[in-house]
Amino acid sequence: MTDLHLFAIVSTVVAALAIALGVFFPALAMGKAISAALDALARQPEAEKEISRTLFIGLAMIESLAIYCLVVALIILFRNPLLEYLLK
């Protein structure tokens, strides 16, 4: 097995781990946020607008973390700067 093959395998495994962890932890955070928002809505139904607005902003921020992990994984797979070094 050449260095290039080993590098490709390791890059794929690292990208898979980045995606797995990058979706797992934001999913847990989203679950906690939604649970807390539903709890707050049950306690104060008159504050629905404020709670919902804050919830959606928070969910968008959490989702952006998962998107950043996807971007990093795609960079690792398709535009890895170390690959150019190995090809020389």
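One structure accompanies this document, and this report is about it. For clarity, every value in this text was computed on a predicted model and none was experimentally measured.

Description of the nonpolar core
Reasoning step 1: Within the largest apolar cluster, seven residues are counted, these being Met30, Ala37, Ala47, Ile51, Leu55, Leu59 and Ile62.
Reasoning step 2: Broken down by secondary-structure element, the contributors of at least two residues to this core are helix 1 (3–43) and helix 2 (48–78).
Reasoning step 3: With four residues, the single largest contributor to this core is helix 2.
Reasoning step 4: Residue contacts for Leu55: discarding those within four places in its chain leaves Ala33, Ile34 and Ala37.

So, the pattern of salt bridges
Reasoning step 1: All chains considered together, the criterion is met by one salt bridge.
Reasoning step 2: Across the pair Arg43 and Asp39 runs a salt bridge whose closest N-O atoms are separated by 3.4 Å. Of this pair, Arg43 and Asp39 both sit in helix 1, four residues apart, which is roughly one turn of the helix.

Some remarks on helix 2
Reasoning step 1: With 31 residues, helix 2 should cover 45 Å at 1.5 Å per step; its first-to-last C-alpha distance of 44 Å lies within 8% of that length.
Reasoning step 2: Against the buried residues of helix 2 lie helix 1.

A look at the packing of aromatic side chains
Reasoning step 1: In this structure the tally under the stated criterion is one aromatic pair.
Reasoning step 2: On the basis of an interplanar angle of 70° and a centroid distance of 5.2 Å, the ring pair of Phe24 and Phe25 is categorised as edge-to-face.
Reasoning step 3: Overall, Phe24 belongs to the partly exposed group, its relative accessible area being 46%.
Reasoning step 4: Exposure remark for Phe25: the relative accessible area of 47% places this residue in the partly exposed category.

Scoring rules and cut-offs
Residues numbered from 1 in each chain as written. Predicted model: local features only at pLDDT ≥ 70, side-chain atom pairs only at ≥ 80, totals over all residues. Heavy atoms only, no water. Core = buried A, V, L, I, M, F, W, Y, C linked by side-chain atoms within 4.5 Å. Buried < 20%, exposed > 50% of the residue type's maximum accessible area, 1.4 Å probe, protein only. Helix = DSSP H or I, 4+ residues; strand = E, 2+ residues; numbered from the N terminus. Contact = heavy atoms within 4.5 Å. Salt bridge = Lys/Arg side-chain N within 4 Å of Asp/Glu carboxyl O. Expected span 1.5 Å × (residues − 1). Phe/Tyr/Trp six-rings, centres within 6.5 Å; stacked < 30°, edge-to-face > 60°.

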